[in-house]
Amino acid sequence: MFTGIIEEMGKIQGIQKRASSAILSVQASEIMQDIHLGDSIAVNGVCLTVTSVSPKGFTSDVMHETLSRSSFGNLRIGSPVNLERAMPANGRFGGHIVSGHIDGTGTVSNIRRDDNAVWYTIKTPLPILRYIIEKGSIAIDGISLTVARVHKDGFSVSIIPHTLSLTTLSSRGVGDSVNLENDCIGKYVERLMGKESQNNNITVGFLAKHGF
């Protein structure tokens, strides 16, 4: 599990492409102080397993499912990437629950400056947009952000200078693809309120009665 608080911007050092998969080599420094084989690292919001470690970075296998759902197909040698290690059990929860299992991608449709902040509008597929609410949480390329506006075909977030300086958002432009992960709570609630609820008696009335 991750929190969406980016620890470091790394850089793609190598991409070994296979028929339907790939091996990524990622250059990193700060997070390498405590990285071991088998550890989970979120790379642009995608949970990857460390398969080899060196003093200057790590490698991870990327399977076909991940390539088809994410923006990894756009990565090139030298591309900056957001990095976050899995949350320690005794760590602070500064963002929101981020699984590293992205729901799909969106496209940057507008960028505008608003005093010290920068607004990003993301065009979003409807299956992802249905779980996005104003003032709710969204992970964009692994960054925990608050939804400021919801539109009929996307949403907007307002980014402070600190976040811009420490993440890859500063290098994103109109037309760029970004990884999106919805807040998992909405998806679980929908699942419980669906057909399965007929078997376990979970209804709107039941949730209201028990304080939900």
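Residues numbered from 1 in each chain as written. Predicted model: local features only at pLDDT ≥ 70, side-chain atom pairs only at ≥ 80, totals over all residues. Heavy atoms only, no water.

What about the pattern of salt bridges?
1) Next: Scanning the entire structure with this criterion turns up 5 salt bridges.
2) Next: Glu7 is the salt-bridge partner of Arg85, the closest N and O atoms lying 2.6 Å from each other. Highlighted residues: Arg85 in strand S6 (residues 80-85) and Glu7 in the segment before strand S1 (8-17), separated in sequence by 78 residues.
3) Next: Here Arg85 falls in the partly exposed class, since its relative accessible area comes to 24%.
4) Next: With its nearest N and O atoms 2.6 Å apart, the salt bridge here joins Glu65 to Arg69. Here Glu65 pairs with Arg69, and both are found in helix H1 (residues 64-69), just 4 residues apart, close to one helical turn.
5) Next: Overall, Arg69 belongs to the partly exposed group, its relative accessible area being 41%. (Salt bridge = Lys/Arg side-chain N within 4 Å of Asp/Glu carboxyl O. Helix = DSSP H or I, 4+ residues; strand = E, 2+ residues; numbered from the N terminus. Buried < 20%, exposed > 50% of the residue type's maximum accessible area, 1.4 Å probe, protein only.)

Some remarks on the sheet that holds strand S8 (residues 117-123)
1) Next: Taken together, 7 strands build an open sheet; the order of strands is S10-S9-S13-S7-S8-S12-S11 and the sheet is antiparallel. The outermost strands of the open sheet, each flanked by one partner alone, are strand S10 (143-146) and strand S11 (149-151). The average undirected angle you get between the axes of adjacent strands in this sheet is 35°.
2) Next: Pairing geometry for S8 and strand S12 (residues 154-159), over 6 bridges, is antiparallel. Bridge pairing in S12 links Lys123 to Gly154. (Pairing = 2+ DSSP bridges. Axes fitted to C-alpha atoms, helices over the stretch in contact; angles between N-to-C directions.)

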